[in-house]
Each structure stands twice: as C-alpha cells, then as structure tokens.
Amino acid sequence: MDAFEDFKAAQRTRWVHFAPLQSITTPAAARLVKHARIQRGMRVLDVACGTGVVAITAARLGASVTGLDLTPELLAAARDNARTAGLDVEWHEGDVEQLPFEAATFDTVVSQFGHMFAPRPEVAIGEMLRVLKPGGTIAFSTWPPELFTGRMFALVGRYAPPPPPGVPTPLLWGDSTIIGERLGGAVRDITFDRATMVVPALSIPHYRQVSERTSGMMVPLVESLATNDPARLGALRAEFDALVSEYFEGNVVRQGYLMTRATKIE
Ligand SMILES: C[S@@+](CC[C@H](N)C(=O)[O-])C[C@H]1O[C@@H](n2cnc3c(N)ncnc32)[C@H](O)[C@@H]1O
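Keep in mind that what you see is a predicted model, and the values were worked out from it rather than measured. (Residues numbered from 1 in each chain as written. Predicted model: local features only at pLDDT ≥ 70, side-chain atom pairs only at ≥ 80, totals over all residues. Heavy atoms only, no water.)

Asker: Explain the overall build of the chain to me, please; I cannot follow it from the model alone.
Answerer: Counting secondary structure elements, the chain contains 10 helices and 8 strands. On C-alpha atoms alone, the chain measures out to a radius of gyration of 18 Å, which is about the 18 Å that the 2.2 N^0.38 rule sets for 266 residues. The buried share among the 266 residues of the chain stands at 52%. Taking as baseline every contact in the chain between residues at least 6 positions apart, the subset at least 24 positions apart corresponds to 79%. As displayed, the chain has an accessible area near 11900 Å², and 54% of this comes from carbon and sulfur atoms. Here the chain contributes 26 positively and 29 negatively charged side chains, and the mean placements of these two sets differ by 5 Å. (Helix = DSSP H or I, 4+ residues; strand = E, 2+ residues; numbered from the N terminus. Rg over C-alpha atoms; globule rule 2.2 N^0.38 Å. Buried < 20%, exposed > 50% of the residue type's maximum accessible area, 1.4 Å probe, protein only. Contact = heavy atoms within 4.5 Å. Areas by Shrake-Rupley, 256 points an atom, 1.4 Å probe, with all protein chains shown as cover. Lys, Arg positive; Asp, Glu negative; His and termini not counted. Charge placed at Lys NZ, Arg CZ, Asp CG, Glu CD.)

Written out as structure tokens, the structure is:
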C-alpha cells in the first residue's frame, strides 16, 4: 500500500515541468474530444488533466467540465488556461485511483496520456467507470509499446530504477487486447482509432533537450544520472538519439498513439 502511495508522490514531482509540452498535446486534445463525441451540455471529467488541454477543449464546446490531476503546478497552469479562454472549469487536485465524485456523475470520462501512469490499472479504470453514468462514454489516448513513444519509454525504463513490485508498465495501456481485458464486462462497443502527434524539432538533440527538461519520464532520470553516473547518461543519450532518428524527418518527430472509446453498460 505504502509503495503505491510513494510511487504516486514521486509522480507528483515528476510531472512538475510538463507545462511547455501542452503545445504538442493541444492538437491531440481536440482529436480525443471528437473521438469521445463530447457535446454541449454533457458533464465531462478529464482525468490526469495536466494543464487542462482536453478539459478546456471540451468546455469550449459547451460541456460542463471537471479536470483532476495529481500535480498542483499543472493545475495552476490549467486555471490560467481556463481564465485566458474565458471558460469555467472545475479543477480538483486528486488521484485517479480515488476519485472524489459520487458514482454515476459524468456523461463522459476522458484521459489523455494520463490515467496510464496510475500504478494500479484495475483501480484506476474501476474508479473511472464508477463515476461514469450507465450508457456514458469512457475514452482515452495511450502510447502503444511498438511505436516511437512506447519504445522510448521502454528505453528510458532500462536506465531508470525499476518500479515497485506490482506496478506494470504504463505501455500495457497501449495494447488493444489488454485494454479490452481491463475494461472487461463493464462496457460495450469498444472502438479504437490511431493518430499521430507531429512534434516540431530543429534537430535530434533539440528534441532530446526538450524531453530532458519537460517529460516526467526523463527529468528525474537525467538529473540523477548527471550527478551519479555521467557515462551512463552519455549511453542513454546515444541510444535515445538513435531511436529518435528513426522517426525524425522534415523537422518533425512522428509520435503515433492509440485512442479508445467504449460505452458503459446500462
Ligand atoms: C503526460 S501528462 C498528460 C497531461 C494532459 N492530460 C495532457 O494531455 O497534456 C500525465 C499527467 O498525469 C498526471 N498523473 C499521473 N499520475 C496520476 C494519478 N495517479 N492521478 C491523477 N493524475 C495523475 C500527471 O500529473 C500529469 O499531469
């Protein structure tokens, strides 16, 4: 139990520097909102909302939106984003494994590259389905293990300390068979779609530099290796650059991902 709480406390500090990456998750947010079929008047929950890109896109359509995230610094940016857009969104600091909402509250529950980082997938999805109304829609975007970001997470994972026992890789959320098993009998009409995030980069080292300064997967690892094992950091950087080179062309890196949608059974 404590190991899971410690893991989440570490997640809360990991993602503190993520805000600049909202420029690349913003176009994807519009795709997820469309995939989830969000419409005016719906009650929507955006889980692990970060700076609120999905929540605010849904609110712009006229949905009544709540965003929840573990990281207070990102929620501060989300509040600022909502103010700038002139929209009302309800923001909560909280944990997807323990949602502070009544059962059957929302018409739609979404998560963009978010709930996949909770340590216990069955607890996270159980909570997301609990707060969803029967007949409501659950939809999320995740990284498949075989595409660039999944391969990059696996590479970084080889250099990082292992997660506590019982915490599976978040990349299993990118496997359609496992998604089907995890949603189980609670839903019907599971539908998948694929999309690509096109990330501008002036060079491969530019792309790596942004990742090292912003990504929750990279920031703590690079900090620790820089202090304790610079040679190993050099090896990580060489492998990272070689992987990026497979996806870097025309000043962009292509990051393919998976979108899932399902309906909670009545
Ligand atoms: C890759 S960011 C995605 C943020 C945002 N959804 C977007 O698309 O820009 C991952 C987010 O998951 C949040 N997170 C990680 N574990 C969480 C948990 N157990 N409960 C709620 N949020 C969590 C982090 O704080 C971070 O904001």
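Alright, that's what it looks like, and here's the rest.
Asker: Just checking my understanding: could you explain the site of the ligand for this structure?
Answerer: Around the ligand sit 19 residues in total, of which Thr-25, Ala-48, Asp-69, Thr-71 and Gln-112 are the nearest. Protein burial of the ligand: of its 600 Å² of free accessible surface, 98% is covered by the chains. Residues of the shell around the ligand, tallied by class, amount to 10 nonpolar, 7 polar and 2 charged. (Near = heavy atom within 4 Å. Nonpolar A, V, L, I, M, F, W, Y, C, P; charged D, E, K, R; others polar.)

Asker: Whenever I open this one, the pairing of strand β3 (residues 90-93) confuses me. Can you help?
Answerer: Side chains on a regular strand alternate between the two faces of the sheet. Bridging between strand β2 (residues 64-69) and β3 involves 4 bridges; their strand directions are parallel. Directly across from Asp-69, in β3, lies its bridge partner Glu-93. (Pairing = 2+ DSSP bridges.)

Asker: I tried to follow the pattern of salt bridges on my own but got confused; where do I start?
Answerer: Pairing is possible between side chains that carry opposite charge, provided their charged atoms lie close to one another. In the structure shown here, the tally under the stated rule is 15 salt bridges. Glu-212 is the salt-bridge partner of Arg-237, the closest N and O atoms lying 2.8 Å from each other. One end of the pair, Arg-237, is in helix α10 (residues 230-245); the other, Glu-212, is in helix α8 (residues 204-214), with 25 residues separating them in the sequence. Residue Arg-237 is classed as partly exposed on the basis of its relative accessible area, which comes to 29%. Residues joined by salt bridges that share partners form a network here, namely Glu-5, Lys-8, Asp-95, Glu-97 and Arg-120. (Salt bridge = Lys/Arg side-chain N within 4 Å of Asp/Glu carboxyl O.)

Asker: Would you take a moment to explain the environment of Val-210 for this structure?
Answerer: Locating Val-210 in the fold gives a position in helix α8. Judged by relative accessible area, which is 42%, Val-210 ranks as partly exposed. In this structure, the C-alpha to C-alpha distance between Val-210 and Met-259, residues 49 residues apart in sequence, is 25 Å. Excluding residues within four positions of it along the chain, Val-210 makes contact with Leu-21 and Ser-215.

Asker: Even after reading the chapter, I still don't get helix α7 (residues 176-183), so can you show me in this structure?
Answerer: Along an α-helix, a turn takes 3.6 residues, which lines up residues three or four apart on a common side. Taken together, the buried positions of α7 are occupied by Ile-178, Ile-179 and Leu-183. Axial view of α7: buried residues confined to an arc of 135 degrees, hence all on one face. Exposed residues pointing more than 90 degrees away from the buried face of α7 are listed as Thr-177 and Glu-181. As for α7, its buried residues are in contact with α5 (121-130), β5 (132-142), β6 (187-200) and β8 (252-264). The N-terminus of α7 is capped by Asp-175, whose side-chain oxygen sits 2.8 Å from the backbone nitrogen of Thr-177. Positive phi shows up at Gly-184, right after α7, with a value of about 55 degrees. (Arc of directions from axis to C-beta. Polar contact = N/O pair within 3.5 Å; in protein donor to acceptor, adjacent residues only side chain to side chain.)

Asker: What exactly am I supposed to notice about unusual backbone geometry here?
Answerer: Only a minority of non-glycine residues have a phi that is not negative, and only a minority of peptide bonds are not trans. Of note, Ala-48 is a non-glycine position whose phi angle comes to about 55 degrees, a positive value. Within the fold, Ala-48 resides in the loop between β1 (43-47) and α3 (53-60).

Asker: Mind showing me how you'd approach the packing of aromatic side chains here?
Answerer: Geometry of an aromatic ring pair is reported as the spacing of the ring centres plus the angle between the planes. A full pass over the atoms with the stated rule returns 11 aromatic pairs. Centroid distance Trp-143 to Tyr-257: 6.0 Å. Interplanar angle 75 degrees. Geometry classified as edge-to-face. Of this pair, Trp-143 sits in the loop between β5 and α6 (148-159) while Tyr-257 sits in strand β8, and the two are 114 residues apart along the sequence. Here the two residues Trp-143 and Tyr-257 agree in accessibility, since each one is buried. An angle of 65 degrees between the planes, with centres 5.9 Å apart, marks the rings of Phe-148 and Tyr-207 as edge-to-face. On the criterion of sequence distance, the pair formed by Phe-148 in helix α6 and Tyr-207 in helix α8 is long-range, its members being 59 residues apart. Using a relative accessible area of 7% as the deciding quantity, one classes Tyr-207 as buried. Aromatic rings pair up to connect Trp-15, Phe-18, Phe-117 and Phe-153 into one cluster. (Phe/Tyr/Trp six-rings, centres within 6.5 Å; stacked < 30°, edge-to-face > 60°.)

Asker: Got a minute to help me understand α10 in this structure?
Answerer: Under the 1.5 Å per step criterion, the end-to-end length of α10 is 22 Å for 16 residues, consistent within 8% with the ideal 22 Å. Residues of α10 that are buried include every one of Leu-233, Leu-236, Phe-240, Asp-241, Leu-243 and Val-244, and no others. Down the axis of α10, the smallest arc covering the buried residues is 160 degrees, so these residues share one side. On its buried face, α10 is in contact with α6, α8, α9 (219-228), β7 (248-249) and β8. (Expected span 1.5 Å × (residues − 1).)

Taken by themselves, the reported measurements are silent on function.
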